[in-house]
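Close look at the chain arrangement
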Amino acid sequence: MKIISWNTTRECHLKCKHCYREAGEKEQGELTTAEGMKLIDEIAAAGFQILILSGGEPLLRADIYELTAHAKAKGLRPVFGTTGTTITLDVAQKLKDAGASCMGISLDSVDAGIHDEFRQVSGAWQGAIDGMANCQAVGLPFQIHTTVVEKNYHEFEAITDLAVAKGARAHHVFFLVPTGRAVDIETEALREKQYEQLLHRILKKQQLVDIELKPTCAPQFMRIARQMGMKMRFSRGCLAGTAYCCVTPNGDVNPCPYLPVKVGNVRELPFDEIWHNAPMFQEFRSDEFTGKCGVCDHKDVCSGCRARAYFYTEGDYMAEDPWCLYRRGLTHDADSAS
């Protein structure tokens, strides 16, 4: 299955400390409605199944319902990455009517103060909670997205429990990658031991709840699931350039939102041509990684985080993932990692 994120706008009313897009003001030269429709056509032609409409805050685009309906009509599954704070009852109903499949709503803590401080706007936590309730009221599925740093590292299980209580269909946990504004809080990112421990905690919690739990920007979860004997519906950890990519508000194509390297631009070449032919994407698909990732016996299901490798090597996206504890010939089971 192929998934694409389109950052439909840079405009946002929050100022999240970790925002990879440095959202705030609307960007000059964002794709127009007509260009967005053409992009959606080309995404479908390239064989993608899921379109993530994100931002900034995608619900600030006046044409978002029109774009959603067009994606649905082209056979795509339109889903959202949103703050949730603008999902009124009316908005939720319009999204459902337009064909939205699921709303991914950001929630970083069970404590409103911690969430609001991270998002840098008072009331953001309650707005997200209200947005969830409005989705549930109209029968629009939603899931919770949490960006984890040292400050909320201990809260994962409690946030999952809140997700279950609120009726979410999934809880996706995003591991911080320093890009955009997140560069300023790089010291709060989890390091090797905490990184490994949290992945074990997520997979253990998955055995206790019915909703889907998925680590993001932490492809080692596939290796750990294999070590724990767990079967996952996912085939690979990092999908960048192989089954996933991102389109920025101005049409640039990146391997993922956290790896800000221009592969092409949809105003210059059709997206499907970029996807199939770009040399950088061909490089990702070769699996010819360097360092520990290149010789790892779990490379087939993990491949390391290409965005994290890019940041910490100052440009080598094929290098080893620096926060992976695993070494060839050594295992780190749940007991030794906890």
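Reading guide: rules and limits
Residues numbered from 1 in each chain as written. Predicted model: local features only at pLDDT ≥ 70, side-chain atom pairs only at ≥ 80, totals over all residues. Heavy atoms only, no water. 1 Å grid on protein atoms, 1.4 Å probe; cavity = no way out; pocket = protein on both sides within 12 Å on 5 of 7 lines; lining within 4 Å. Points joined across faces, edges and corners; volume = space filled by probe spheres on them. Nonpolar A, V, L, I, M, F, W, Y, C, P; charged D, E, K, R; others polar. Phe/Tyr/Trp six-rings, centres within 6.5 Å; stacked < 30°, edge-to-face > 60°. Lys NZ or Arg CZ within 6 Å of the ring centre and 35° of its normal. Helix = DSSP H or I, 4+ residues; strand = E, 2+ residues; numbered from the N terminus. Expected span 1.5 Å × (residues − 1). Buried < 20%, exposed > 50% of the residue type's maximum accessible area, 1.4 Å probe, protein only. Contact = heavy atoms within 4.5 Å. Arc of directions from axis to C-beta. Disulfide = S-S within 2.5 Å. Axes fitted to C-alpha atoms, helices over the stretch in contact; angles between N-to-C directions. Parallel < 35°, antiparallel > 145°, perpendicular 65-115°, else oblique. Left-handed = near helix turned anticlockwise from the far one by under 90°. Pairing = 2+ DSSP bridges. pLDDT = per-residue confidence, 0-100. Core = buried A, V, L, I, M, F, W, Y, C linked by side-chain atoms within 4.5 Å.

1. Regarding empty space enclosed by the protein
Here the structure, examined in full by the defined rule, presents 4 cavities of 30 Å³ or more. The volume enclosed by the second largest cavity comes to roughly 50 Å³. In terms of lining residues, the second largest cavity is bounded by Asp108, Ile114, Glu117, Phe118, Val149, Lys151 and Asn152. In terms of residue class, the lining of the second largest cavity is built from 3 nonpolar, 1 polar and 3 charged.

2. A word on the packing of aromatic side chains
Using the criterion set out here, one finds 10 aromatic pairs in the structure. Ring centres of phenylalanine 311 and tyrosine 312 lie 4.8 Å apart, and the angle between their planes is 90°; this geometry places the pair in the edge-to-face category. A cation over an aromatic ring shows up here: lysine 2 above the ring of phenylalanine 48, its NZ or CZ 5.7 Å from the ring centre. The positively charged end of lysine 214 is found above the aromatic ring belonging to phenylalanine 234, 5.4 Å away from the centroid.

3. So, helix H1 (residues 33-45)
With 13 residues, H1 extends 18 Å between its outermost C-alpha atoms, agreeing within 8% with the 18 Å of an ideal straight helix rising 1.5 Å per residue. For H1, the full list of buried residues reads Gly36, Met37, Leu39, Ile40, Glu42 and Ile43. On the buried face of H1, the contacting elements are strand E1 (3-7), strand E2 (50-54), helix H2 (64-73), strand E8 (244-247) and helix H9 (271-277).

4. Some thoughts on helix H10 (residues 279-286)
Quick reminder: α-helices carry 3.6 residues per turn. Residues three or four places apart thus point the same way. Every buried residue of H10 is listed here: Met280, Phe281 and Phe284. Summarising the axial view, the buried residues of H10 lie within an arc of 100°, below the 170-degree limit, and thus occupy one face.

5. Points about the state of the cysteines
In this structure the tally under the stated criterion is 0 disulfides. Unpaired in this structure, cysteine 256 has its nearest cysteine sulfur neighbour in cysteine 217, at a distance of 6.0 Å.

6. Overview of the packing of helix H3 (residues 89-98) against helix H5 (residues 124-138)
In the contact formed by H3 and H5, the axes pass within 8 Å of each other and the chain directions differ by 50°. Judged by the angle between their axes, H3 and H5 are oblique. H3 and H5 meet at a crossing whose hand is right-handed. Between H3 and H5, the residues in contact are Leu89, Ala92, Gln93 and Lys96 and Asn134, Cys135, Ala137 and Val138, respectively.

7. Considerations on the environment of lysine 2
Looking at where lysine 2 falls in the secondary structure, it is placed in the segment before E1. Accessibility expressed as a relative area gives 22% for lysine 2, which makes it partly exposed. Spatially, the C-alpha atoms of lysine 2 and isoleucine 211 are 22 Å apart, while their sequence positions differ by 209 residues. Excluding residues within four positions of it along the chain, lysine 2 makes contact with Ala46, Gly47, Phe48, Gln49, Ile50, Ala243 and Trp275.

8. Structural notes on the sheet that holds strand E9 (residues 252-254)
Pairing is mixed in the open sheet, where 10 strands are placed in the order E7-E6-E5-E4-E3-E2-E1-E8-E9-E10. Lying at the two open borders of the sheet, with one neighbouring strand each, are strand E7 (212-216) and strand E10 (264-265).

9. Considerations on the confidence of the model for the protein
Per-residue pLDDT for the protein averages 94, and the proportion of residues at 70 or more is 96%. For the stretch residues 333-338, pLDDT sits under 50, and the model shows 7 contacts to residues farther than four places along the chain or on other chains.

10. Some points on the nonpolar core
By size, the foremost hydrophobic cluster in this structure holds 90 residues, and its most contacted members are Trp6, Phe48, Leu51, Met103, Phe175, Phe271 and Phe281. Top contributing element to this core by residue count: H5, with 6 residues. If near-sequence neighbours (up to four positions away) are discounted, phenylalanine 281 is found in contact with Gly241, Cys245, Val253, Asn254, Pro255, Val263, Ile274 and Trp275.

11. Examining the pairing of E8
Side chains Tyr244 and Cys246 of E8 all project onto a buried face; the interleaved residues Cys245 and Val247 project onto the opposite face, where all are buried too. As defined by bridge partners, E1 adjoins E8 across 4 bridges and the pair is classed as parallel. Considered in E8, the bridge of serine 5 is made with cysteine 246. As paired elements, E8 and E9 share 2 bridges and run antiparallel to each other. What sits directly across from cysteine 246, in E9, is asparagine 254.

12. Topic: the side chain of glutamine 206
Relative to the elements of secondary structure, glutamine 206 occurs in helix H7 (residues 192-206). Dropping the residues within four chain positions of it, glutamine 206 is found in contact with Ile211, Glu212, Leu213 and Met230.

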